[in-house]
Amino acid sequence: MLVIDNVNRFDSGKYSLTLTNISGKKTAVIVVRVLDSPSAPQHFTVKEIKKDSVILTWDTPLNDGGAKITNYIVEKRESVRKAYTTVTNNCTANTLKIEELPEGGIFYFRVSAVNAYGQGQMVETKEVKVSEVPLPPNKLTVVDVTKTSVSLGWEKPAHDGGSKVMCYNVEFKPKSGDKWGTACTIKVLEATVLNLTPNEAYLFRVIAINEKGKSEPRDLGLPVVAKDIEIEPSINLQFNTFSVKAGEDLTVEVPVRGRPKPVVSWKKDNLPLKQTSSVTILNTATSTKVIIKEAKKEHVGKYEITLANRAGTATADIGIIVLDKPGPPKGIRVDAVTSDSITLSWSPPEYDGGCSISNYIVEKRDTNSQEWQIVASNVARTSFKAGRLTHGAEYQFRIYAVNRYGKSTYIDSPGITAHPILDLAGHPAPVVHWSKDGKEIELRARIKIVVTDTSTSIVIKDCVRGDSGEYTLTLRNIAGNVNVPINCIILDKPGPSAGPLQVTDLTAEDCTLSWGPPQETGGADITHYIVEKRETSRLAWTLVKGDITKTYLKVKGLLKGSEYIFKVMAVNKHGIGEALESESIKVTDPYTLATAPSSVDVTSITGDSMTVTWCKPATDGGSPIRGYVVERREKTGMRWIRVNRELVVECNMLVTKLRKGCEYDFRVSAENAAGLSPPSEPSATFRALDPLVVPSRPTKPKIVNSTNDSRKISLKFTVCTLVLHSGIL
């Protein structure tokens, strides 16, 4: 009898019993099957890895434990965790696709078989990183072309495959060839292919590489001919009008594009722009600027910029508005005089202060007194009737214009005496003449003038708001003439608000609108205003706010990069008036790229390092400088290489890992919220060399030993050394 204690699956198998005597031997075979959970699955592997999924496969266990395998349990564990979690406990196939894994994640997977007697042993994979080869680079473009080189630039792939892109292969071939060659392997997003044959056409492509392999190539598409090219100047302005508050500074920067570098010229109001203590013109390799210090009214006008080179000429107009109090009204006129009233009119100021005139203030004084009194402080039109005057008294009037920035200086009228209305009767019979707002009335089908021996009237049918105004009846004979003003108001919806509809304080999300009250109120008070907006790519208007009681509004929640048109409508008790629309505006950040840093220099040199210093940009573009990017270029090379991975905060940097004896140039760019500025002018050329020690002349000799023999004298000298740097060329 065979007894086996603590039976396990490994005791399964064939057992043989052999009996032997003198007559011979007999053998019996006994098959023993131990019922248990199965052994581990075989050949557990990762069949396929993608950016967010893996496919696992395995073979059936060698030992099924004496019962049919019913299912498999699959578990996973992230490398940063200790515990496994169950992916599925009911997998019936020998393969499983696990999806929705984080890109770039590192995982371990394990699987076990299950039969009627329980779960078997686990088998585990090695470390698995969820990634694949990257997509091709984006937007491959030609940056520059010469007769022996082509400079290319591109953007990162839309997806890196879940693993960081390590480098890029830049490949090229002649258009007439059929074999691609590698020009360079580079980590940055630009490269220059050198040593090209002049006037030869070439094709280019770029391949992204990560730890999984190479992407598909991104072809440039069209061949590029290696030759020096001329590019006609172009001007791309974000804004055609710039506004600045009086007393503040304004910088107008225009990018300069063209090859060779264009010659820049500025004009103001069709005359060459002169540089003064308050106006400076600053030209760089990539832009031109007009810098205005403490803006005044004299800086308002039309500025014209012209770029010119051998390839052509480009011109653009720029308007500059200085926001300030308006100038005084002009040309006071006396339109009518009665025994107790005087009607005045005037012209708007020549200079409105960069925004609409909101109202006028009228003051008066009796010429027998020096005291001025306010007659009206919110006159919307350029005319006013002063009533309740004293018969026979002489009056002088003073008028101010007002905008959102304040009150203008005043203009005074001459002295005017209030006299009584003359008797309409006269001898000989007077000639009747009707006018409206100073102009002769044109007779039309709906306008009729009736004159009798003793009276006259004007009849207007189907009145419209435009019929409102001041009508004047003039009677003339040889004895003189008399004017009788009659103010007529047509009750209607308001006219359009006084424009233009100004858009100021523009940011990437909001702006401020401002306008003036309607000149035609429709004979009733304006109760409120309605503001609507429309994207230029759409036809429908949407409500911004419908109960505005002021003549300005801050509009929020705009979409950066979108272009909008706004309109405002005045409302009185008779309805909604005509709309006043703004010019289209593009929502963008108020800041731009900073200017280039300056004065790039090297202060100390060794055989493998240099300390680079520079000065801050003259202008930060309206956004604080976040840091700087330093680039180096070997004197014998064409390509600039970025030195620092992280931005440098200070205006200096120790550049290491230089090649001893090599000559280097350096340049620096500044980064703000708008992006990276143009690079600075290159520094002087410096050679990487250790400091040289040059001995100085011995000094202070001393006699340390002597004999009577004058030829035998020992002298001791003090020797000085001088340390020199030989890196500056």
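Everything numeric here is computed off the predicted structure, so don't read it as measured data.

(A) Structural detail: the overall build of the protein. Within the protein, the regular secondary structure consists of zero helices and 64 strands. The dimensions of the protein, computed from C-alpha atoms along their principal axes, are 175 × 115 × 60 Å. Relative to its 729 residues, the protein shows a buried fraction of 39%.

(B) Representation of the UniProt feature "domain: Fibronectin type-III" (unreviewed entry) in the protein in the model. Taking the UniProt record as the reference, the feature "domain: Fibronectin type-III" (unreviewed entry) is found at residues 40–133, 136–229, 328–421, 497–591 and 596–691. The distance from the first to the last C-alpha atom of residues 497–591 is 31 Å, and the span holds 0% helix and 54% strand. Measuring from the first to the last C-alpha atom of residues 596–691 gives 32 Å, for a span that is 0% helix and 44% strand.

(C) How the structure looks around the pairing of strand S58 (residues 663–672). Summarising burial for S58: eight of the 10 residues are buried, a large majority. Where strand S55 (residues 627–634) meets S58, eight bridges bridge the pair, whose relative direction is antiparallel. From the neighbouring strand, arginine 633 faces S58, where its bridge partner is aspartate 665. Where S58 meets strand S60 (residues 686–687), two bridges bridge the pair, whose relative direction is antiparallel. Bridged to glutamate 663 within S60 is arginine 687. Pairing of S58 with strand S59 (residues 675–676) involves two bridges; the strand directions are antiparallel. The partner of glutamate 671 across the bridge, within S59, is leucine 676. Where S58 folds back on S59, the antiparallel hairpin that results is connected by two residues.

(D) View of the state of the cysteines. Enumeration according to the criterion identifies zero disulfides in this entry. Between cysteine 167, a free cysteine, and cysteine 184, which holds the nearest cysteine sulfur, the sulfur-to-sulfur gap is 10 Å. A disulfide-free cysteine, cysteine 355 has its sulfur positioned 16 Å from the sulfur of cysteine 511, the nearest such atom.

(E) Inspection of the UniProt feature "domain: Ig-like" (unreviewed entry) in the protein at higher detail. If you check UniProt for "domain: Ig-like" (unreviewed entry), the listed places come out as residues 233–319 in our numbering. As a span, residues 233–319 carries 0% helix and 60% strand, and end to end its C-alpha atoms are 21 Å apart.

(F) The arrangement of the sheet that holds strand S40 (residues 439–440) in detail. Strand order in the open sheet formed by four strands is S40-S39-S43-S44, and the pairing between neighbours is antiparallel. Both edges of this open sheet fall to S40 and strand S44 (480–488), since each of them pairs with a single strand only. Bridging between strand S43 (residues 469–477) and S44 involves nine bridges; their strand directions are antiparallel. Bridge pairing in S44 places tyrosine 471 opposite isoleucine 486.

(G) Expanded view of unusual backbone geometry. Cis peptide bonds are those with omega within 30 degrees of zero, and the linkage from arginine 259 to proline 260 qualifies with 0°. Its place among the elements puts proline 260 in the loop between strand S23 (257–259) and strand S24 (263–268). Here glycine 499 and proline 500 are connected by a cis peptide whose omega angle stands at 5°. By the secondary structure assignment, proline 500 is in strand S45 (residues 498–504). Positioned with a positive phi, arginine 388 is a non-glycine residue whose angle comes to about 60°. Residue position: arginine 388 is located in the loop between strand S34 (383–386) and strand S35 (394–403). Its relative accessible area of 83% is what places arginine 388 among the exposed residues.

(H) Here's a closer look at the sheet that holds strand S26 (residues 279–283). Spatial ordering of the open sheet is given by S22-S27-S26, a layout of three strands whose pairing is antiparallel. Where the open sheet ends on each side, the last strands, each with one partner, are strand S22 (250–255) and S26. Neighbour-to-neighbour, the strand axes of this sheet turn through a mean angle of 15°, independent of strand direction. Sheet topology note: the S26/strand S27 (residues 287–292) ladder contains five bridges and is antiparallel. Counterpart to leucine 282 in the pairing with S27 is lysine 289.

(I) Quick look at a positive patch on the surface. Taken together, the side chains of Lys156, Lys164, Lys187 and Arg645 define a basic patch exposed on the protein surface. With respect to the helices and strands, arginine 645 occurs in the loop between strand S56 (641–642) and strand S57 (652–655). Classification of arginine 645 by relative accessible area gives exposed; the value is 70%.

(J) Looking closely at the packing of aromatic side chains. Counted by the stated rule, this structure contains 14 aromatic pairs. With centroids separated by 5.4 Å and ring planes inclined at 65°, the aromatic side chains of tryptophan 58 and tyrosine 72 adopt a geometry described as edge-to-face. In this pair, tryptophan 58 is assigned in strand S4 (residues 54–59) and tyrosine 72 in strand S5 (residues 71–78), connecting sequence segments 14 residues apart. Summarising the burial analysis for this pair, tryptophan 58 and tyrosine 72 share the class buried. An aromatic cluster is present here, built from Phe44, Trp58 and Tyr72 joined pairwise through their rings. Over the ring of tryptophan 372 we find arginine 398, and its NZ or CZ is 4.1 Å from the ring centre. The aromatic ring of tyrosine 400 is capped on one face by lysine 407, whose charged end is 4.4 Å from the ring centroid.

(K) A negative patch on the surface, seen in detail. Taken together, the side chains of Asp52, Glu100, Glu103 and Asp160 define an acidic patch exposed on the protein surface. Checked against the element boundaries, aspartate 52 lands in the loop between strand S3 (42–49) and S4. Looking at aspartate 52, the relative accessible area reads 34%, which means it is partly exposed.

(L) Just the side chain of threonine 474, in detail. Looking at the element boundaries, threonine 474 is found in strand S43. We classify threonine 474 as buried; its relative accessible area is 7%. In this structure the side chain of threonine 474 is engaged in a polar contact, spanning 2.9 Å, whose partner is the side chain of asparagine 483. The residues contacting threonine 474, other than those within four sequence positions of it, are Val431, Val432, His433, Val482 and Asn483.

(M) Structural detail: the pattern of salt bridges. Scanning the entire structure with this criterion turns up 21 salt bridges. Here arginine 205 and glutamate 171 are joined by a salt bridge, their closest N and O atoms 2.6 Å apart. Of this pair, arginine 205 sits in strand S16 (residues 201–210) while glutamate 171 sits in strand S13 (residues 167–174), and the two are 34 residues apart along the sequence. Each member of the pair, arginine 205 as well as glutamate 171, carries the same accessibility label: buried.

(N) View of the side chain of serine 623. With respect to the secondary-structure elements, serine 623 resides in the loop between strand S54 (610–615) and S55. Here serine 623 falls in the buried class, since its relative accessible area comes to 6%. A distance of 3.2 Å separates the side chain of serine 623 from the backbone nitrogen of alanine 673, its partner in a polar contact. With sequence-adjacent residues up to four places away left out, serine 623 is seen in contact with Tyr591, Asn672 and Ala673.

Conventions adopted
Residues numbered from 1 in each chain as written. Predicted model: local features only at pLDDT ≥ 70, side-chain atom pairs only at ≥ 80, totals over all residues. Heavy atoms only, no water. Helix = DSSP H or I, 4+ residues; strand = E, 2+ residues; numbered from the N terminus. Buried < 20%, exposed > 50% of the residue type's maximum accessible area, 1.4 Å probe, protein only. UniProt positions renumbered as here; feature names shortened; annotations may be inferred. Pairing = 2+ DSSP bridges. Disulfide = S-S within 2.5 Å. Axes fitted to C-alpha atoms, helices over the stretch in contact; angles between N-to-C directions. Patch = residues over 30% accessible without salt bridge, like charges linked within 9 Å, V, L, I, M, F, W, Y side chains within 5 Å. Areas by Shrake-Rupley, 256 points an atom, 1.4 Å probe, with all protein chains shown as cover. Salt bridge = Lys/Arg side-chain N within 4 Å of Asp/Glu carboxyl O. Lys, Arg positive; Asp, Glu negative; His and termini not counted. Charge placed at Lys NZ, Arg CZ, Asp CG, Glu CD. Phe/Tyr/Trp six-rings, centres within 6.5 Å; stacked < 30°, edge-to-face > 60°. Lys NZ or Arg CZ within 6 Å of the ring centre and 35° of its normal. Polar contact = N/O pair within 3.5 Å; in protein donor to acceptor, adjacent residues only side chain to side chain. Contact = heavy atoms within 4.5 Å.

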